[in-house]
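Notes for the structure review
Given next are the chains, with one letter for each unit.
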Amino acid sequence: MRELFEQHYTPLVLFARNYVPDMEADKDIVQEIFLALIESAKTFGTPDELKAYLYTAVKNKCLKHLRHEKVKQEYSDTHRDEPSEEETYFNRVLEEEVCYSLLVQEIELLPDQCRKVFKLILEGKTNPEIATDLHISIETVKSHKQSGKKILHDRLVHIVERSILLFILEKMGL
């Protein structure tokens, strides 16, 4: 088998080159053909039958390789402009940070008592804690939260993507 390999390897690689212009791929293709031949223990009646088999096998393997490369290229072309998972995550986090920053700026513009309620919300305080700190009823806290949420929504909805705005307001417990 070694003699056969040495005799046909280079001509088959050069033949493969007619189909696949990558020398390393051509070498791999020819080696795979010989490996498959050894594993199959196929026998041939004449040297011409063997030669015809080898050249046909190389041609078919090259065409299969080209089809595979074409599929890979098409996949790459269709997914080239799509952001990776990391980019998507980073962009989402960045959007949330920008929205949060805008939200904090808009909170500063709320009416006095409403602004105080929202600042305490940002600190993570509950309605009863806010009511105690500001010496107002829990119902008044809820009322300020409701009116402040409406004001913030109206001011930011045209700037910030609605789903992100709602997500941030929900995260704040609003």
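Placed above this text is the structure.
These notes cover the structure that comes with them. Remember, it's a predicted structure, so these values are computed and weren't measured experimentally.

Looking at helix α1 (residues 2-17)
- Taking 1.5 Å of rise per residue, the 16 residues of α1 would be expected to cover 22 Å, and the 22 Å separating its terminal C-alpha atoms lies within 8% of that figure.
- By the burial criterion, the buried members of α1 are His-8, Tyr-9, Leu-12, Val-13 and Ala-16.

Considerations on a nonpolar patch on the surface
- Together, Phe-90, Leu-94 and Val-98 line one region of the surface with nonpolar side chains, adding up to about 290 Å² of accessible area.
- With respect to the helices and strands, Leu-94 occurs in helix α4 (residues 85-108).

Observations regarding the packing of helix α5 (residues 112-122) against helix α7 (residues 138-156)
- For the pair α5 and α7, interaxial distance at closest approach is 9 Å and the crossing angle is 95°. Regarding the angle of α5 to α7, the classification is roughly perpendicular. On α7, the residues that touch Gln-113, Cys-114, Val-117, Phe-118 and Ile-121 of α5 are Val-141, His-144, Lys-145, Ser-147, Gly-148, Lys-149 and Leu-152.
- Residues belonging to the contact of α5 with α7 are distributed by class as follows: six nonpolar, four polar and two charged.

Regarding the packing of α4 against α7
- The geometry of α4 relative to α7 is characterised by a closest axis approach of 10 Å and an angle of 125° between their N-to-C directions. One finds that α4 runs oblique with respect to α7. Relative to α7, the crossing made by α4 is right-handed. Contacts from Leu-102, Leu-103, Glu-106 and Ile-107 in α4 reach Leu-152, Arg-155 and Leu-156 in α7.
- Across the contact of α4 with α7, the residue classes break down as five nonpolar, no polar and two charged.

Calculation rules
Residues numbered from 1 in each chain as written. Predicted model: local features only at pLDDT ≥ 70, side-chain atom pairs only at ≥ 80, totals over all residues. Heavy atoms only, no water. Helix = DSSP H or I, 4+ residues; strand = E, 2+ residues; numbered from the N terminus. Expected span 1.5 Å × (residues − 1). Buried < 20%, exposed > 50% of the residue type's maximum accessible area, 1.4 Å probe, protein only. Patch = residues over 30% accessible without salt bridge, like charges linked within 9 Å, V, L, I, M, F, W, Y side chains within 5 Å. Areas by Shrake-Rupley, 256 points an atom, 1.4 Å probe, with all protein chains shown as cover. Salt bridge = Lys/Arg side-chain N within 4 Å of Asp/Glu carboxyl O. Axes fitted to C-alpha atoms, helices over the stretch in contact; angles between N-to-C directions. Parallel < 35°, antiparallel > 145°, perpendicular 65-115°, else oblique. Contact = heavy atoms within 4.5 Å. Nonpolar A, V, L, I, M, F, W, Y, C, P; charged D, E, K, R; others polar. Left-handed = near helix turned anticlockwise from the far one by under 90°.

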